[in-house]
Amino acid sequence: MKQMLERLEGVVNKVLNLCGVILFLGIFTVVLLQVFMRYVLGAPLVWSEELARYLFIWISYLGWVFATRSGTHIRISAFFNVLPLPLRKGVAAVNQMLVVIFALVLGWLGYRMVLMNLYVPAVTLFFTYAFVYLSVPVMNFFIALQAILNLLKGAEEKGGTLS
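Here the structure is a predicted model, which means the values were calculated and not measured.

Chemist: Is there a simple way to think about the overall build of the protein chain in this case?
Modeler: Scanning the protein chain for helices and strands turns up six helices and zero strands. For the protein chain, the α and β elements follow one another from N to C terminus as α-α-α-α-α-α. Relative to the compact-globule value of 15 Å for 163 residues, the protein chain shows a C-alpha radius of gyration of 19 Å, a clear excess of over 25%. Out of the 163 residues in the protein chain, the part that is buried amounts to 37%. Summarising the internal contacts of the protein chain: among those between residues at least 6 apart in sequence, 73% fall at separations of at least 24. Looking at the protein chain as shown, the accessible area adds up to about 10,100 Å², and 75% of this sits on carbon and sulfur atoms. Counting 12 positive and 6 negative side-chain charges, the protein chain places the averaged centre of each group 3 Å from the other.

Quick look at the structure:
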């Protein structure tokens, strides 16, 4: 079971890391192209700012997945750090369960937003706003999956951190 979880986590991490690289390269390329077109050729692209904004939304959500994976969320840990270790582990487990619940609820709401925007075209691009809102259910699935993996690995491996 442990090997299967490690293999699943490894595959998910590789896919998400590759997505991060692709999204960053996409933003970099689009913005660089816009700067070149505007200041060198004097013919700015109409669609580049909108595409960069949507890619940034996707990568921001991906950052939340990475923060869940590495346990680097912004938090106030003063109260948590003074708890005894067994209680700390319990609080960490409850925290992961709350993350799963929040991610699933947000993912469901995001799915509903996707459905409402299936036919609303983006202003300058060839796709609809559903593509933008699709980041919510997709990334919340990965957030919930990572939190479940954190729960299954157990708080003892993380030293009883909130991750």
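Chemist: Explanation requested: the pattern of salt bridges in the structure shown.
Modeler: Once their charged atoms are close, side chains differing in charge can pair, the charge on each being opposite to the other. All chains considered together, the criterion is met by two salt bridges. Two residues, Lys-153 and Glu-9, come together in a salt bridge whose shortest N-O distance is 3.1 Å. Separated by 144 residues along the polypeptide, Lys-153 in helix 6 (residues 135-153) and Glu-9 in helix 1 (residues 2-40) bring together distant segments of the chain. Lys-153 gets classed as partly exposed once you look at its relative accessible area, which sits at 23%.

Chemist: In this structure, what is going on with the confidence of the model for the protein chain? I would like to understand it.
Modeler: For any part of a model where pLDDT is low, the fine detail of the predicted coordinates should not be relied upon. Averaged over every residue, the pLDDT of the protein chain is 90; the share at 70 or more is 94%. Helix 3 (residues 78-81) is the least confidently modelled element of the protein chain, averaging 81 in pLDDT, while helix 5 (residues 129-133) averages 95, the highest of any element.

Chemist: Explain helix 6 here, please?
Modeler: Each α-helix turn comprises 3.6 residues. Residues three or four places apart therefore point the same way. When the terminal C-alpha atoms of helix 6 are compared, their 26 Å separation across 19 residues agrees well with the 27 Å that a helix rising 1.5 Å per residue should span. Directly beyond the C-terminal end of helix 6, a positive phi value near 95 degrees is found at Gly-154.

Chemist: Could you clarify how one ought to interpret the environment of Val-100 in this entry?
Modeler: In this structure, Val-100 sits in helix 4 (residues 85-116). You can call Val-100 buried: its relative accessible area is 11%. Taking the C-alpha atoms as reference, Val-100 lies 46 Å from Tyr-39; in sequence the two are 61 residues apart.

Chemist: Please explain a nonpolar patch on the surface as it appears in this structure.
Modeler: The grouping of Val-94, Met-97, Leu-98, Ile-101, Val-105, Trp-108, Leu-109, Tyr-111, Leu-115, Leu-118 and Tyr-119 at the surface amounts to a nonpolar patch, some 1,100 Å² of accessible area in total. Note on placement: Val-94 falls in helix 4. By relative accessible area, Val-94 is classed as partly exposed at 43%.

Chemist: I keep staring at helix 2 (residues 48-70) and nothing clicks. Help me out?
Modeler: Under the 1.5 Å per step criterion, the end-to-end length of helix 2 is 32 Å for 23 residues, consistent within 8% with the ideal 33 Å. In the segment just after helix 2, Gly-71 is the residue with positive phi, at about 70 degrees.

Chemist: What am I meant to see in the packing of helix 4 against helix 6 here?
Modeler: Between two packed helices, both the angle of their axes relative to each other and the distance between the axes serve to describe the pair. Their axes nearest at 8 Å, the elements helix 4 and helix 6 cross at an angle of 165 degrees. Between helix 4 and helix 6, the crossing angle belongs to the class labelled roughly antiparallel. Viewed along their axes, helix 4 and helix 6 form a crossing whose handedness is left-handed. Residues Ala-93, Gln-96, Met-97, Val-99, Val-100, Ala-103, Leu-104, Leu-106, Gly-107, Gly-110, Tyr-111 and Val-114 of helix 4 lie in contact with helix 6, whose contacting residues are Val-136, Pro-137, Asn-140, Ile-143, Ala-144, Ala-147, Ile-148, Asn-150 and Leu-151. Here the contact of helix 4 with helix 6 is composed, by residue class, of 16 nonpolar, five polar and no charged.

Chemist: Would you mind going over the side chain of Asn-140 with me for this structure?
Modeler: Considering the arrangement of structural elements, one finds Asn-140 in helix 6. When sequence neighbours within four positions are dropped, the list of residues in contact with Asn-140 reads Tyr-61, Trp-64, Ala-103, Leu-106, Gly-107 and Ser-135.

Chemist: Would you explain the environment of Met-1 in this entry?
Modeler: Position of Met-1 among the secondary structure elements: in the segment before helix 1. Owing to a relative accessible area of 67%, Met-1 belongs among the exposed residues under this scheme. In the structure, Met-1 is positioned 21 residues away from Ile-22 in sequence and 32 Å away in space, judged by C-alpha atoms.

About the thresholds
- Residues numbered from 1 in each chain as written.
- Predicted model: local features only at pLDDT ≥ 70, side-chain atom pairs only at ≥ 80, totals over all residues.
- Heavy atoms only, no water.
- Helix = DSSP H or I, 4+ residues; strand = E, 2+ residues; numbered from the N terminus.
- Rg over C-alpha atoms; globule rule 2.2 N^0.38 Å.
- Buried < 20%, exposed > 50% of the residue type's maximum accessible area, 1.4 Å probe, protein only.
- Contact = heavy atoms within 4.5 Å.
- Areas by Shrake-Rupley, 256 points an atom, 1.4 Å probe, with all protein chains shown as cover.
- Lys, Arg positive; Asp, Glu negative; His and termini not counted.
- Charge placed at Lys NZ, Arg CZ, Asp CG, Glu CD.
- Salt bridge = Lys/Arg side-chain N within 4 Å of Asp/Glu carboxyl O.
- pLDDT = per-residue confidence, 0-100.
- Expected span 1.5 Å × (residues − 1).
- Patch = residues over 30% accessible without salt bridge, like charges linked within 9 Å, V, L, I, M, F, W, Y side chains within 5 Å.
- Axes fitted to C-alpha atoms, helices over the stretch in contact; angles between N-to-C directions.
- Parallel < 35°, antiparallel > 145°, perpendicular 65-115°, else oblique.
- Left-handed = near helix turned anticlockwise from the far one by under 90°.
- Nonpolar A, V, L, I, M, F, W, Y, C, P; charged D, E, K, R; others polar.

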